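Topology and contacts: notes
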Amino acid sequence: AERNLILAFETSCDETSVAVIEDGTKILSNIVATQIDSHQRFGGVVPEVASRHHIEWITRCIDQALAEAGVDYPDLMAVAVTYGPGLVGSLLVGVTAAKVVAWAHHLPLIPVNHMAGHLYAARFVGEFKYPQMALLVSGGHTELVYMPKEHEYEIVGETRDDAAGEAYDKIGRVLGVNYPAGKTIDEWAAQGQDTFHFPRAMEKEDNLDFSFSGLKSAFINTVHNADQRGEELNKYDLAASFQQSVVDVLAEKTMRALDQYPVKQLILAGGVAANHGLRDRLDHDMAKYHSNVTMLQAPLKLCGDNAAMIGAAAAVDYRHGDRAAWDLNAVPGLMF
Ligand code: KG4
Ligand code: ZN
C-alpha cells in the first residue's frame, strides 16, 4: 500500500470499535458502538452479553469505519487488534474479525496491548518524549508505567486490589448511579465538598502502589450506617469526598514516581483520565512540583475504549516489527 493506513479493532470489554488511522496520528474514522444500555440493568458488564453484542456489531463497524474514512481494503497497510487484557470472549471476536480481514486481504496483523492503546490516546495531542512516565487509570487497571524509550514499558506501580474506575462504579451503585458511574460521580463531586475525609490508602507509604478497596468499604459503611439511622447524606458531598481521596492518592503517587524516575514527560490516559478532578489536580501539581516535565492528557473523547488509540499504538508496534501469526489468541491477563 502507498499510504500508511491501519484498520484497528478494539473489543476488549463493552465497546465494539473499529478505526482507520493514517500515519499513526490521523484519525480518518473511529466508530464506537457502545453496549452500555444492555449491561446497565445488570449493574455491570456481563461477559456473555458483551461477546454477543460484539458479534452482532463488528461487521457493521468495519463497513462504517472504511466508508467514513473513504478507503477500501486495497488501500490498507496493516490490520491491528487488541488481544488483551480484557474479557476473553469479547477479545476473541475482535481477534477473529481482524484475522479474517488480514488473511483475506493479504495484510500483516499487528497484535496490540489494550493498555498500550490507552497510553497512545495521548499521542493525538502531542509527540512522545523519552524517558516518560504514564499514569494509566481505567475500569480494570491502575498503574504507573515507565517508558525508558519507545516501545518499552515497565510497570513501576499498580493497584493491589480494585482499579480506580472499578471503585467509582462500585460506590456509584450504592448511590443508585447507573453503570459506568465515573462520569456522574465526577459531575456530582464538582457540586460538593470533602466533608467525610475518607481514608487515603498507602498515600504516605514509600512505594508507587495503590489500593482502593479500603476507601470503597469506608464509603459503603458510611452510607449504610446513615441508612440505618434513617439519615440521608448529601450525595454531592459523598461524591466530592470519595473523589478527593482517589485524586489525592493518584496525584501523590504520580509525583513520587516523577521524583524517583527523572522523565521528560507525563502521560495521563485510560477511562478515569476523563475525570475533571484528576485532570485539574495534575495540571496544578505538575506546574508546582515538576514544571520542567511536560504533560499530555488523553483527549476527553479518547479516554474510554476506542480503536483509534489501538491504531496509534499499532503504528509504532508495526515499525518495531511486531507481527501476529495466524494462531494469535486472546490473552485476557496480558501484561506489558
Ligand atoms: O478505559 P475504560 O473505558 O475501560 C477499561 O479498559 O476499563 O474505563 C472505564 C472506566 C469506568 O470504570 C468508568 O466509570 C470510568 O472509566 N470513568 C470515569 C470517568 N469517566 C469514565 N471515572 C471517573 N471520572 C470520570 N469522568
Ligand atoms: Zn480500556
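Quantities reported herein were computed from a predicted structural model and do not represent experimental measurements.

What to know about the domain arrangement of the chain
By the assigned domains, the chain splits into domain 1 (5-119 + 305-319) and domain 2 (127-297). A separation of 27 Å is found between the C-alpha centroids of domain 1 and domain 2. With 10 residues of domain 1 in contact, the opposing surface of domain 2 contributes 16 residues. Listing elements by their share of the side of domain 1 that touches domain 2, those giving two or more residues are helix 1 (36-40) and helix 4 (114-120). Per-element tally for the side of domain 1 that touches domain 2: the top contributor is helix 4, with 4 residues. Considered class by class, the residues forming the side of domain 1 that touches domain 2 number 5 nonpolar, 5 polar and no charged.

Remarks on the nonpolar core
In terms of nonpolar packing, the biggest core is built from 108 residues, with Ala8, Val79, Ala80 and Ala269 touching the most fellow members. When we break this core down by domain, the ones giving at least three residues each are domain 1 (5-119 + 305-319) and domain 2 (127-297). Other than its neighbours up to four places away in sequence, Ala269 contacts His118, Leu119, Ala121, Ala122, Ala134, Leu136, Ala298 and Cys303.

As for the site of ligand 1
Around ligand 1, the surrounding shell holds 20 residues, and the nearest of these are Ser138, Gly139, Gly165, Gly182 and Gly271. Of all the elements in the fold, those that place two or more residues in the shell around ligand 1 are helix 5 (164-174) and helix 6 (182-189). Of the residues belonging to the shell around ligand 1, the class tally is 6 nonpolar, 10 polar and 4 charged. Summarising the domain contributions, the shell around ligand 1 has at least three residues from each of domain 1 (5-119 + 305-319) and domain 2 (127-297).

Considerations on the packing of helix 2 (residues 47-69) against helix 3 (residues 88-104)
Put simply, helix 2 and helix 3 touch, their axes get as near as 8 Å, and they point 20° apart. Between helix 2 and helix 3, the crossing angle belongs to the class labelled roughly parallel. Between helix 2 and helix 3 the crossing geometry is right-handed. Facing Pro47, Glu48, Ala50, Ser51, His54, Ile55 and Ile58 of helix 2, the residues of helix 3 in contact are Gly89, Ser90, Val93, Gly94 and Ala97. Here the residues of the contact of helix 2 with helix 3 sort into 6 nonpolar, 5 polar and 1 charged.

A short note on the pairing of strand 3 (residues 26-34)
Here strand 2 (residues 15-22) pairs with strand 3 via 8 bridges, running antiparallel. When the bridges of strand 3 are listed, Ile21 appears paired with Ile27. Between strand 2 and strand 3, which follow one another and run antiparallel, lie 3 residues, and Asp23 among them has a positive phi close to 55°.

Topic: the sheet that holds strand 8 (residues 154-158)
Across a sheet, strands are paired by hydrogen bonds formed along the backbone, either parallel or antiparallel in direction. Strand order in the open sheet formed by 5 strands is 8-7-6-9-10, and the pairing between neighbours is mixed. The open sheet is flanked by strand 8 and strand 10 (294-297), the only strands paired with a single partner. In this sheet, neighbouring strand axes are inclined to one another by 20° on average, regardless of whether the strands run parallel or antiparallel. Both strand 7 (residues 142-147) and strand 8 contribute to a ladder of 4 bridges, which runs antiparallel. Paired with Tyr146 across the strands is Glu154, a residue of strand 8. Helix 8 (residues 235-260) rests against strand 6 (132-137), strand 7, strand 8 and strand 9 (265-269) of the sheet, and its axis sits at about 160° to strand 6.

Remarks on the pairing of strand 1 (residues 5-10)
Among the 6 residues in strand 1, 6 count as buried, and that is most of the element. Residues Leu5, Leu7 and Phe9 line one face of strand 1 and the alternating positions Ile6, Ala8 and Glu10 line the opposite face, and both faces are buried. Pairing of strand 1 with strand 2, which is carried by 6 bridges, proceeds in the antiparallel orientation. Note that in strand 2 the partner of Leu7 across the bridge is Val20.

Conventions we followed
- Residues numbered from 1 in each chain as written.
- Chains lettered and ligands numbered in written order.
- Predicted model: local features only at pLDDT ≥ 70, side-chain atom pairs only at ≥ 80, totals over all residues.
- Domains from an automatic or database assignment.
- Contact = placed C-beta atoms within 7 Å.
- Helix = DSSP H or I, 4+ residues; strand = E, 2+ residues; numbered from the N terminus.
- Nonpolar A, V, L, I, M, F, W, Y, C, P; charged D, E, K, R; others polar.
- Core = buried A, V, L, I, M, F, W, Y, C linked by C-beta atoms within 7 Å.
- Buried ≥ 20, exposed ≤ 12 C-beta atoms within 10 Å, placed from the backbone.
- Near = placed C-beta within 6 Å.
- Axes fitted to C-alpha atoms, helices over the stretch in contact; angles between N-to-C directions.
- Parallel < 35°, antiparallel > 145°, perpendicular 65-115°, else oblique.
- Left-handed = near helix turned anticlockwise from the far one by under 90°.
- Pairing = 2+ DSSP bridges.

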